[in-house]
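Overview (structure and organization)
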Amino acid sequence: MMSTNTQDIAARLSNSGIFRTQGLIGGKWTDAYDGNTIKVQNPATGDVIVNVPCMGKRETSDAISSAYNAFSSWSKLTANERSRCLRKWYDLLIANKEELGQLITLEQGKPLKEAMGEVIYGASFIEFYAEEAKRVYGDIIPAPSADRRLFVLKQPVGVVGAITPWNFPLAMITRKVGPALACGCTVVIKPSEFTPLTALAAAELSLQAGIPPGVVNVVMGNAPDIGDTLLESPKVRKITFTGSTAVGKKLMAGSAATVKKVSLELGGNAPCIVFDDADLDVAVKGSLAAKFRNSGQTCVCANRIIVQQGIYEKFANAFANAVQNLKVGDGFTESVALGPLINEAAVQKVESFVQDAVSKGAKVMLGGKRHSLGMTFYEPTVISDANSEMLVSREEVFGPVAPLMRFKTEDEAIQIANDTNAGLAAYIFTTNVQRSWRVSEALEYGLVGVNEGLISTEVAPFGGFKQSGLGREGSKYGLDEYLEIKYVCLGNMDRA
Ligand code: ADP
């Protein structure tokens with residue numbers, strides 16, 4: 001068995017050539033200018049893995065300048081040249097799959113198998129956009145007069161500020177940086193302070209792949225200072241963010257002064273609707289995956305499991321039985337399905353949501369308390385008789401808590417599902433084809449899984465309706481976020 005000791009794992013990884021602990025500015029590994037650092041911790045043990053620089057305005061400003069300077073040459077390479085760099089980066093991410101997976105488990109906590117899955121998923125964005133780089137087509141428009149020729153060019157927006165969260169330390173970066181680089185943009189990445197090591201490892205591999213210095217920069221530390229510097233700079237033409245709705249709104253407002261393009265992937269409140277006509281096994285397996293992946297810490301995790309009255313009892317019992325079998329523990333221990341939550345604040349939020357639900361009449365079927373392992377481990381929890389008044393159904397719990405709610409009619413299910421400001425992912429379980437279309441069309445959500453709980457893939461668009469965000473990531477649509485459209489009119493074409 002692999003050692004679960006933080007220092008053993010860190011020591012092994014530090015020999016792997018991907019373990020970087022400084023920021024990356026203009027191709028140089030850099031400390032904070034004032035020498036300040038912050039701790040990166042293993043959430044399973046609380047142990048400090050390493051210290052990384054705590055950067056702020058000055059470092060960010062230099063990173064922006066590096067990206068700005070690199071833009072003039074990177075954007076002028078042929079699509080093929082950029083494509084080859086990205087492909088090489090993809091190959092290196094895959095070649096270092098084991099080490100990257102271990103790094104993710106070490107700083108984020110998710111089980112190693114799931115972390116490996118994230119490496120494959122994260123790398124797939126680089127592969128996909130290496131291919132799409134060659135397909136940034138323009139248009140020729142039939143001219144309204146004989147002496148004119150009209151065409152449309154697609155050009156990179158410029159320097160991109162990419163701010164990412166801790167729940168997918170690799171994939172949230174690659175799905176921004178892949179399309180950005182494919183188009184010819186350069187980037188300043190600000191990873192979450194909780195999980196900078198995976199970001200730095202990915203950046204190291206980008207250099208090894210031959211992506212020129214300055215194209216990929218990474219700064220971390222004081223989030224508001226770094227954020228403000230990115231927002232204030234007229235050189236930064238685009239902000240792409242995944243994280244909380246509150247911070248997303250701030251970044252959108254802050255982008256107004258320099259009219260930046262903005263893409264936001266914000267919080268969800270995913271409904272998971274189980275109809276009477278669902279296949280019980282499919283519904284249990286699908287909801288389980290949609291709820292408990294990453295210990296419930298994803299913005300597409302099922303937040304409300306809404307079950308029709310005819311199947312409610314049967315589903316609740318089968319679901320609770322399945323949840324009971326989920327093993328909780330250190331992500332490096334084999335057969336563990338649920339790792340720790342990211343930090344103490346996350347556990348306190350989960351506790352307060354469960355307390356609120358119970359005080360309003362919900363019943364705890366399973367779990368409902370901290371795990372005996374201590375730290376930030378929480379028991380996988382099923383709550384029955386939840387209703388729309390409870391915090392668990394109004395806001396994202398971001399933890400291993402599944403509240404079950406009851407409904408009678410299809411219309412009622414749709415009404416409950418749409419009764420939220422969020423609109424990212426929704427899931428439905430039914431064997432009726434007409435119903436699956438009808439309900440998919442009625443849901444105000446950017447992603448709908450029908451009889452399936454895991455639907456994210458690099459080839460499909462990911463993004464939200466309403467306050468869950470703006471823009472789409474992944475797929476051919478993901479490129480548009482990094483492109484300007486330029487119309488060129490050639491006149492006087494009838495002169496001899
Ligand atoms: P989460 O709840 O997922 O941690 P946050 O929105 O707090 O969501 O964090 C997502 C990312 O946004 C992280 O990289 C965090 O450091 C960053 N962030 C937080 N506050 C700000 C801010 N004021 N400006 C820029 N980035 C910020």
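So, a few notes on the structure that sits alongside this text. Note that the structure is predicted; figures quoted are calculated from it, not measured.

Describing empty space enclosed by the protein
- On inspection of all chains with the given rule, the structure shows four cavities of 30 Å³ or more.
- As a volume, the largest cavity reaches approximately 80 Å³.
- If you trace the largest cavity, you find it lined by Tyr-121, Phe-168, Met-172, Arg-175, Arg-293, Thr-298, Cys-299, Val-300, Ser-456 and Phe-462.
- A per-class count over the lining of the largest cavity returns six nonpolar, two polar and two charged.

Some details on the layout of surface pockets
- Taken as a whole, the largest pocket spans an internal volume of roughly 1,200 Å³.
- Together, 45 residues line the largest pocket, and Phe-241, Gly-243, Ser-244, Thr-245 and Val-247 are the ones closest to its centre.
- For the lining of the largest pocket, the secondary structure elements donating two or more residues are helix 8 (223-232), strand 10 (236-242), helix 9 (245-254) and helix 12 (344-359).
- For the lining of the largest pocket, the element with the highest residue contribution is helix 8, accounting for five residues.
- Of the voids in this model, the second largest pocket is the one considered here, and its volume is about 560 Å³.
- Around the second largest pocket sit 20 residues that line it, and Pro-111, Lys-113, Glu-114, Val-336 and Ala-337 are the ones nearest its centre.
- At the level of elements, helix 5 (112-132) and helix 10 (280-292) are the ones that each hand at least two residues to the lining of the second largest pocket.

Some thoughts on the packing of helix 3 (residues 79-95) against helix 5
- For the pair helix 3 and helix 5, the least separation of the axes is 8 Å and the interaxial angle reads 165 degrees. The angle between helix 3 and helix 5 falls in the class roughly antiparallel. Crossing of helix 3 over helix 5 shows left-handed handedness. Where helix 3 abuts helix 5, its residues Ser-83, Leu-86, Arg-87, Trp-89, Tyr-90, Leu-93 and Ile-94 lie against Val-119, Ile-120, Ala-123, Ser-124, Ile-126, Glu-127, Tyr-129, Ala-130 and Glu-131.

Some points on the nonpolar core
- Membership of the largest hydrophobic core comes to 67 residues, with the highest contact counts inside it found for Trp-89, Leu-93, Leu-181 and Val-216.
- No other element matches the eleven residues that helix 5 contributes to this core.
- Listed in part, the 36 residues of the second largest apolar core include Cys-272, Leu-288, Leu-424 and Ala-425.

Some remarks on the side chain of Glu-481
- By secondary structure assignment, the location of Glu-481 is in the loop between helix 16 (477-480) and strand 20 (483-490).
- At 3.0 Å, the side chain of Glu-481 and the backbone nitrogen of Arg-472 are in polar contact.

Re the site of the ligand
- For the ligand, the set of nearby residues contains 17 residues, the closest of which are Thr-164, Trp-166, Lys-190, Glu-193 and Ser-244.
- Between the ligand and Lys-190, the relevant distance is 2.9 Å, taken from an oxygen atom to a side-chain nitrogen or oxygen of the residue.
- Measuring from an oxygen atom of the ligand, one finds a side-chain N or O atom of Ser-244 at 2.6 Å.
- In isolation the ligand offers 550 Å² of accessible surface; the protein chains occlude 77% of this area.
- When atom positions are compared with the pocket grids, the ligand is found to occupy the largest pocket.
- When contributions to the shell around the ligand are tallied by element, the ones reaching two or more residues are helix 8, strand 10 and helix 9.
- Looking at the shell around the ligand element by element, the count peaks at three residues for helix 8.
- Looking at side-chain class alone, the shell around the ligand contains nine nonpolar, six polar and two charged residues.

Description of the sheet that holds strand 6 (residues 149-156)
- With respect to topology, three strands assemble into an open sheet ordered 5-6-20, the strand pairing being antiparallel. With partners counted over all chains shown, the strands left at the sheet margins are strand 5 (139-141) and strand 20, one partner each. Each strand axis lies, on average, 25 degrees off the axis of its neighbour in the sheet, ignoring direction.

A closer look at the sheet that holds strand 12 (residues 270-274)
- Across the sheet, which stays open at both edges, the seven strands sit in the order 14-15-16-13-12-17-18 with mixed pairing between neighbours. What marks the edges here is a single partner per strand, and that holds for strand 14 (363-366) and strand 18 (447-450). The average angle at which neighbouring strand axes cross in this sheet is 25 degrees, direction not considered.
- Across three bridges, strand 12 lies against strand 17 (residues 425-429) in parallel orientation. Bridged to Val-274 within strand 17 is Phe-429.
- Most of the contacts of helix 10 go to strand 17, to which it runs at about 165 degrees, and overall it touches strand 12, strand 13 (302-308), strand 15 (381-384), strand 16 (401-407) and strand 17.

The rules behind these values
- Residues numbered from 1 in each chain as written.
- Predicted model: local features only at pLDDT ≥ 70, side-chain atom pairs only at ≥ 80, totals over all residues.
- Heavy atoms only, no water.
- 1 Å grid on protein atoms, 1.4 Å probe; cavity = no way out; pocket = protein on both sides within 12 Å on 5 of 7 lines; lining within 4 Å.
- Points joined across faces, edges and corners; volume = space filled by probe spheres on them.
- Nonpolar A, V, L, I, M, F, W, Y, C, P; charged D, E, K, R; others polar.
- Helix = DSSP H or I, 4+ residues; strand = E, 2+ residues; numbered from the N terminus.
- Axes fitted to C-alpha atoms, helices over the stretch in contact; angles between N-to-C directions.
- Parallel < 35°, antiparallel > 145°, perpendicular 65-115°, else oblique.
- Left-handed = near helix turned anticlockwise from the far one by under 90°.
- Contact = heavy atoms within 4.5 Å.
- Core = buried A, V, L, I, M, F, W, Y, C linked by side-chain atoms within 4.5 Å.
- Buried < 20%, exposed > 50% of the residue type's maximum accessible area, 1.4 Å probe, protein only.
- Polar contact = N/O pair within 3.5 Å; in protein donor to acceptor, adjacent residues only side chain to side chain.
- Near = heavy atom within 4 Å.
- Areas by Shrake-Rupley, 256 points an atom, 1.4 Å probe, with all protein chains shown as cover.
- Sits in = over half its atoms within 2 Å of the grid points.
- Pairing = 2+ DSSP bridges.

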